[in-house]
Amino acid sequence: MLAARLHVPTNELRMERVPVPEPGPGQVRIAVRAAGVCLSDVHLLDGTLRPAWLKGDTVTLGHEVAGVIDALGAGVDAWTAGQRVLLQAGELDLRGVVLTRGVDYDGGYAEYALASATTVVPIPDGLPFEQACVIPDAVSTPWAAVTTTADTRPGDAAAVWGAGGLGAHAVQLLRLVGAAPVIAIDPLPAARERALTLGADAVLDPADPKLRDTVMDLTDGFGLDVALDLAGVPAVREQALTVLGPAGRLVVVGLAGQPIAIPNDIGLAYFRQSVRGHYGSAPQDVQRLVTLAGRGRLDLSASVSDMLPLADAPAALDRLARKECDPVRLVLVP
């Protein structure tokens, strides 16, 4: 079968012919129908991210995967061939270590992929594979950030810095849980326009010298209850801290590998503000999102910016790295 294989020592991505994998005990094999292209895949390719638990030095990329069950390993009786499914983005090993699909073990940039049966989630017939595949990260990560880490409540004033692959979904999800107003902040006019179509009440350019005044006006002078950094830029954190209200929560989702500076600890303490880190999501988050999408409460049709053949995986990663046309998600199709 064809697979996009990352050679970690040299940071080379090669389209290679490899054997079709056979499912072991407790595993299923799926015929991949769609795989999302994530910025973390770009960072694996450029060496910014390195697999921590990979056995060997080569891995098939892809942690956003949907398809059809093709074969069952020994001991698997909860699934049948032909079922439409998506795969959780990772799993716990026997040591309790979180392993990420397409990073620590082979993922879904391939014609077939293996998965532990416990990481398989059924999807309804009405949910297209290309929309379902982005749920395990592009949608579930901001969902968990909004609902769990930020503890967003109806009526909370919230802002999203970075309206790209994760941030565009964060705008939708904040609106879904009742945040008001929902503000999107992005330097790109196209991203701001997209955020408006996805439900933002207001959009701002982070370079606007009146940004703080505007945010305070939009929040009736109170400031933000929730500030989400999806951009992974130190300047974003600094700006967000200036517009937090009492008990406001800054949630860091985007990764910069840089220190976080708190300019005024007195204000942070007096107003009981907090800075919270966030990473990934829990299995139940993915299941809830499948339910919401399947029942029409969450529309992911705008999430798919383009669909490309699997053979074009290197070109897709290059497009995402260059932010060509500012995609939400590019999707590979075997």
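Calculation criteria
Residues numbered from 1 in each chain as written. Predicted model: local features only at pLDDT ≥ 70, side-chain atom pairs only at ≥ 80, totals over all residues. Heavy atoms only, no water. Pairing = 2+ DSSP bridges. Helix = DSSP H or I, 4+ residues; strand = E, 2+ residues; numbered from the N terminus. Axes fitted to C-alpha atoms, helices over the stretch in contact; angles between N-to-C directions. Buried < 20%, exposed > 50% of the residue type's maximum accessible area, 1.4 Å probe, protein only.

Asker: Please give an account of the sheet that holds strand S1 (residues 2-7) that cites residues and values.
Answerer: The three strands lie next to each other as S2-S1-S4, forming an open sheet whose pairing is antiparallel. Of all the strands in the sheet, just strand S2 (12-17) and strand S4 (58-60) have a single pairing partner and so form its edges. Ignoring strand direction, the axes of neighbouring strands in this sheet form an average angle of 35 degrees. The pairing of S1 with S2 spans six bridges and is antiparallel. Bridging from a neighbouring strand, Leu6 pairs with Leu13 of S2.

Asker: I'd love a proper account of the pairing of strand S3 (residues 27-37), names of residues and values included.
Answerer: Counting buried residues along S3, nine of its 11 residues qualify, which places the element largely inside the surrounding structure. Summarising the sheet, S3 and strand S9 (residues 112-116) pair through five bridges and their orientation is antiparallel. Bridging from a neighbouring strand, Ile30 pairs with Ala113 of S9. As paired strands, S3 and strand S5 (residues 64-72) are joined by eight bridges and run antiparallel to one another. Residue pairing across strands places Arg29 opposite Ala71, the latter belonging to S5.

Asker: Would you mind going over unusual backbone geometry in detail, with residue names and values included?
Answerer: In terms of backbone geometry, most residues other than glycine have negative phi values and most peptide bonds are trans. In the segment running from Ala180 into Pro181, the intervening peptide bond is cis, with an omega of -5 degrees. Counting through the fold element by element, Pro181 comes out in the loop between helix H4 (167-176) and strand S12 (182-185). Positive phi, close to 55 degrees, is recorded for Asn11, a residue that is not glycine. In this structure, Asn11 sits in the loop between S1 and S2. When its relative accessible area of 27% is taken as the criterion, Asn11 is described as partly exposed. In this model, Cys325 sits at a positive phi of 65 degrees, which is unusual for a non-glycine residue. Within the secondary structure layout, Cys325 lies in the loop between helix H10 (313-321) and strand S18 (329-333). In this structure Cys325 comes out as exposed when scored by relative accessible area, which is 71%.

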